[in-house]
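# Descriptive structure summary
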Amino acid sequence: MTATYTFDIFSSLDGFGAHSGDWGGYWGKQGPEFLDHRLALYDQEQRMVFGANTYRAHAQMLASSTEGAEVRDPWVMRMRSLPATVVSTTLQEPLDWPDATVVSGDAVDIVDRLKEESEVPLRSHGSLSLNRALMAAGLVDRVQVTLFPVICGQTGEDPIFGGAADFDLELIVSRTLDGHTQELIYRPTLHA
């Protein structure tokens, strides 16, 4: 049986995964329903998959934060407790992540093998360039976009699908959280 791979990403309406402005985390739009839903998502057994840059960003944010900071929200701490595979040619173990393994090599080959061998679903939060390559290779089963109600045309960073191939998307699930944030889960298919 092949494990399901989900590319999980936060986005502004204009397609940015981050910002350099004064919005705060989650663009200041998180609410209790969103936070509870995220915790429930990460309460399921799964294996995380990160690229080196995203791993470094997560590890640095957690190391420099204090107890009670939103970067330490319960769902984030639960994500950190899950087993993780970090695809990297530059990082070496041990990592500052409780159950992380560094795997060096071609990301497509690594994730293809993980999908065949894993007994639990695979999930990647962030890792934009890694996931664009995996989508182009047909290895991403679901794209889960949490769409925050903001446009950050002046302060937006990290265009999520910048440079990606063209895809058709089949909507599988949609829900509204806290009355304003959308979660959209799609099945991507390379556009022919």
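Our subject is the structure that appears above.
Residues numbered from 1 in each chain as written. Predicted model: local features only at pLDDT ≥ 70, side-chain atom pairs only at ≥ 80, totals over all residues. Heavy atoms only, no water.

### Focus on the pattern of salt bridges
One pass over the full model with this rule turns up eight salt bridges. For D96, the salt bridge goes to R80, with nearest N and O atoms at 3.3 Å. Here R80 lies in helix α3 (residues 74-81) and D96 lies in the loop between β4 (84-87) and β5 (100-103), a separation of 16 residues in the sequence. Under the relative-accessibility criterion, D96 is labelled partly exposed at 45%. Between K115 and D141 there is a salt bridge, and its shortest N-O distance comes to 2.7 Å. Of the two residues, K115 sits in helix α4 (residues 107-117) while D141 sits in the loop between α5 (128-136) and β7 (142-148), which places them 26 residues apart along the sequence. Looking at K115, the relative accessible area reads 5%, which means it is buried. (Salt bridge = Lys/Arg side-chain N within 4 Å of Asp/Glu carboxyl O. Helix = DSSP H or I, 4+ residues; strand = E, 2+ residues; numbered from the N terminus. Buried < 20%, exposed > 50% of the residue type's maximum accessible area, 1.4 Å probe, protein only.)

### Describing the side chain of S11
With respect to the helices and strands, the residue S11 is situated in strand β1 (residues 5-12). Taking relative accessible area as the criterion, S11 reaches 4% and is therefore assigned buried. Each residue touching S11, except ones within four places of it in the same chain, is listed here: F16, W27, V145, T146, L147, F148 and I160. (Contact = heavy atoms within 4.5 Å.)

### Details of the packing of aromatic side chains
Under the criterion given, the structure shown has twelve aromatic pairs. Ring geometry for Y26 versus F148: centroids 6.3 Å apart, planes at 35 degrees, classification tilted. Linking Y26 in the loop between β2 (16-19) and α1 (32-42) with F148 in strand β7, this pair joins segments that are 122 residues apart in sequence. An identical accessibility class is assigned to Y26 and F148; each is buried. Here a set of aromatic residues connected by ring pairs shows up, and it is made of F10, Y26, W27, F34, Y42, W75 and F148. Just above the ring of W75 sits the side chain of R38; from NZ or CZ to the centre is 4.5 Å. (Phe/Tyr/Trp six-rings, centres within 6.5 Å; stacked < 30°, edge-to-face > 60°. Lys NZ or Arg CZ within 6 Å of the ring centre and 35° of its normal.)

### Some remarks on α4
Inspection of α4 places A107, I110, V111, L114 and K115 among the buried residues, and these make up the whole buried set. Down the axis of α4, the buried side of the element spans an arc of 135 degrees, and every buried residue falls inside it. In α4, the exposed residues that point more than 90 degrees away from the buried face are D109 and E117. Contacts from the buried residues of α4 go to β1, β3 (47-51), β4, β5, β6 (122-125) and α5. (Arc of directions from axis to C-beta.)

### Brief notes about the environment of D141
By relative accessible area, D141 is classed as partly exposed at 25%. Separated by 48 residues in sequence, D141 and T189 place their C-alpha atoms 8.9 Å apart. Among residues more than four places away in sequence, those in contact with D141 are A3, T4, Y5, K115, Y186, R187 and P188. Among the polar contacts made by the side chain of D141, one reaches the side chain of K115 at a distance of 2.7 Å. (Polar contact = N/O pair within 3.5 Å; in protein donor to acceptor, adjacent residues only side chain to side chain.)

### Details of the nonpolar core
Judged by nonpolar contacts, the single largest core of 28 residues is most densely connected at F50 and Y55. Looking at this core, the elements that each hand over two or more residues are α1, β3, α2 (52-64), α3, β4 and β5. For this core, the leading source of residues is α2, giving four residues. Those residues in contact with F50 that sit more than four places away from it in its chain are Y55, H58, M79, A84, T85, V86, V87, W97, H125, S127 and L130. Core analysis: the next-biggest nonpolar cluster, separate from the first, contains 22 residues, A3, F7, I110 and V140 among them. (Core = buried A, V, L, I, M, F, W, Y, C linked by side-chain atoms within 4.5 Å.)

### Let's talk about the sheet that holds β7
Ordered in space as β5-β4-β3-β6-β1-β7-β10-β9, the eight strands form an open sheet in which the pairing is mixed. Edge strands, defined here as strands with exactly one partner in the open sheet, are β5 and β9 (167-177). Ignoring which end each strand starts from, the neighbouring axes of this sheet average 25 degrees apart. (Pairing = 2+ DSSP bridges. Axes fitted to C-alpha atoms, helices over the stretch in contact; angles between N-to-C directions.)

### Points about the packing of α4 against α5
Between two packed helices, what matters for the description is the angle formed by their axes and the separation of those axes. Two numbers describe how α4 lies on α5: the axes approach to 10 Å, and their chain directions differ by 70 degrees. With respect to their mutual orientation, α4 and α5 come out roughly perpendicular. In contact with A107, V108 and V111 of α4, α5 contributes L130, A133 and L134. Class assignment for the residues of the contact of α4 with α5 results in six nonpolar, no polar and no charged. (Parallel < 35°, antiparallel > 145°, perpendicular 65-115°, else oblique. Nonpolar A, V, L, I, M, F, W, Y, C, P; charged D, E, K, R; others polar.)

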